[in-house]
Amino acid sequence: MAYYRPIAMTDIARPPRALALAGGRCWFAQVEVLDRGRPARLAPVSEVPDAVLARLTAPRAPLAGLAMDRPQIMGILNVTPDSFSDGGRFLDPAAALAQARVLAAEGAALLDIGGESTRPGSAEVPVAEEIARTAPVIAALRDAGLPLSIDTRKAGVARAALAAGAGMVNDVSALTFDAGLAGVVAAAGVPLVLMHAQGTPATMQDAPAYDDVLLDVYDWLEHRIAVAAGAGIARGRIVVDPGIGFGKTAAHNLALIRGLSLFHGLGCPVLLGASRKRFIGTISGQERPDRRVAGSLAVALAAAAQGVQLLRVHDVAETRAALALWRAILAGDLT
């Protein structure tokens, strides 16, 4: 089976026959053809099957009211005591609301609110406790004019969050943890993020292994999309996330980031959540997560250059500034 990774370009000098990538600002005129057990090769777009080409080029529908023709910033708000980067800082509801307002003022297009840490080695949080952490914060923010996402694996938590005012569900298990979550999302008619993970948060970093991490993750996400669609969740409401750091070594993470444009072939918006993660600290020499901003920005710009539509980040102001400079350099876009 062949896979087709578009060679994403951003140069303003775009050839007349180049094709828009997922209806956005990136374009491509060549693809890398990948096949298990065979050397990769470059090919013109004329070699891409029509069905695959249609998914690679089709504009993505707006998501939670946000245009998907440019990178949008998803601000991270963890109301947990033990998240890897900001655990305990926003567990108090007043602190969480204050941080939400900061992220909105800094330019977040939407907020992702989570009440259970899924860092390596973390333990499961009871549903009632996760609801108590997240639902009041969401209810307090529901009229703030910013789309809200609930970061949860659990149907009960998602149901309470949606009732409180959330308009999106971000499931790091891609519907593998709680069989009831698909029905909650389908009934609510809200967008759903399907993220790849190998193993559970408690065990996922215990010697993760793949035959070909890029193709394995692609196939897994394709299967999870089919499962979601079978449960009544339209493909147009599904977002895919390769799950950086969730059952991956640093080498796996880098391979996924280098090959991000492949995931546009799934026909869904692509989300990347790499902000402040351990591999960034390993490569940059920064042990403290809050000092990994520069590395996080480098990864965010690499993702934007491959047409990724959603960037899930801790450092909203810095990411917004980096994207503004990136757009200005590429095309003289000063907006």
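Everything in this summary refers to the structure shown in the same document. Only a predicted model underlies this, so the values are computations on that prediction, with no experimental measurement involved.

Another aspect to go through is empty space enclosed by the protein. On inspection of all chains with the given rule, the structure shows three cavities of 30 Å³ or more. Estimates place the volume of the largest cavity at around 110 Å³. The wall of the largest cavity is formed by 14 residues, among which Gly24, Arg25, Asp69, Arg70 and Gly307 lie closest to the centre. Classifying every residue of the lining of the largest cavity gives eight nonpolar, three polar and three charged. Estimated volume of the second largest cavity: approximately 60 Å³. Surrounding the second largest cavity, Leu272, Ala274, Ser275, Ser296, Val299, Ala300, Leu311, Arg312 and Val313 form its lining. Of all the elements in the fold, those that place two or more residues in the lining of the second largest cavity are helix H9 (293-304) and strand E13 (310-313).

A few words now on helix H10 (residues 316-331). Here H10 is 16 residues long and its end C-alpha atoms lie 22 Å apart, about the 22 Å a rise of 1.5 Å per residue gives. Along H10, the positions that sit buried rather than exposed are Val316, Thr319, Ala322, Leu323, Trp326 and Arg327. Looking straight down H10, one finds that the buried residues subtend no more than 135° of arc, so they occupy a single side. Opposite the packed face of H10, turned more than 90 degrees from it, sit the exposed residues Leu325 and Ile329. Remark: glycine 332 follows H10 within two positions and exhibits a positive phi of approximately 65°.

Attention now goes to the side chain of histidine 264. With respect to the helices, strands and loops of the structure, histidine 264 is situated in the loop between helix H7 (250-258) and strand E12 (271-272). Judged by relative accessible area, which is 0%, histidine 264 ranks as buried. Setting aside its immediate chain neighbours within four residues, histidine 264 contacts Leu21, Ala22, Arg55, Leu56, Arg60, Val270, Gln306, Gly307, Val308 and Gln309.

So, on to the pattern of salt bridges. In this structure the tally under the stated criterion is 14 salt bridges. Between arginine 312 and aspartate 112 there is a salt bridge whose closest N-O contact spans 2.7 Å. Remark: aspartate 112 occurs in strand E7 (residues 110-114) and arginine 312 occurs in strand E13; sequence separation between them is 200 residues. With respect to burial, arginine 312 and aspartate 112 carry one shared label: buried. Arginine 312 serves as the salt-bridge partner of aspartate 151, at 3.2 Å between the closest nitrogen and oxygen. Taken together, the residues span a long stretch of sequence, with aspartate 151 in strand E8 (residues 148-151) and arginine 312 in strand E13 at a distance of 161 residues. Each of the two residues, aspartate 151 as well as arginine 312, counts as buried. Through salt bridges with shared partners, one network takes in Glu116, Glu130, Arg153 and Lys154.

Basis of the calculations
- Residues numbered from 1 in each chain as written.
- Predicted model: local features only at pLDDT ≥ 70, side-chain atom pairs only at ≥ 80, totals over all residues.
- Heavy atoms only, no water.
- 1 Å grid on protein atoms, 1.4 Å probe; cavity = no way out; pocket = protein on both sides within 12 Å on 5 of 7 lines; lining within 4 Å.
- Points joined across faces, edges and corners; volume = space filled by probe spheres on them.
- Nonpolar A, V, L, I, M, F, W, Y, C, P; charged D, E, K, R; others polar.
- Helix = DSSP H or I, 4+ residues; strand = E, 2+ residues; numbered from the N terminus.
- Expected span 1.5 Å × (residues − 1).
- Buried < 20%, exposed > 50% of the residue type's maximum accessible area, 1.4 Å probe, protein only.
- Arc of directions from axis to C-beta.
- Contact = heavy atoms within 4.5 Å.
- Salt bridge = Lys/Arg side-chain N within 4 Å of Asp/Glu carboxyl O.

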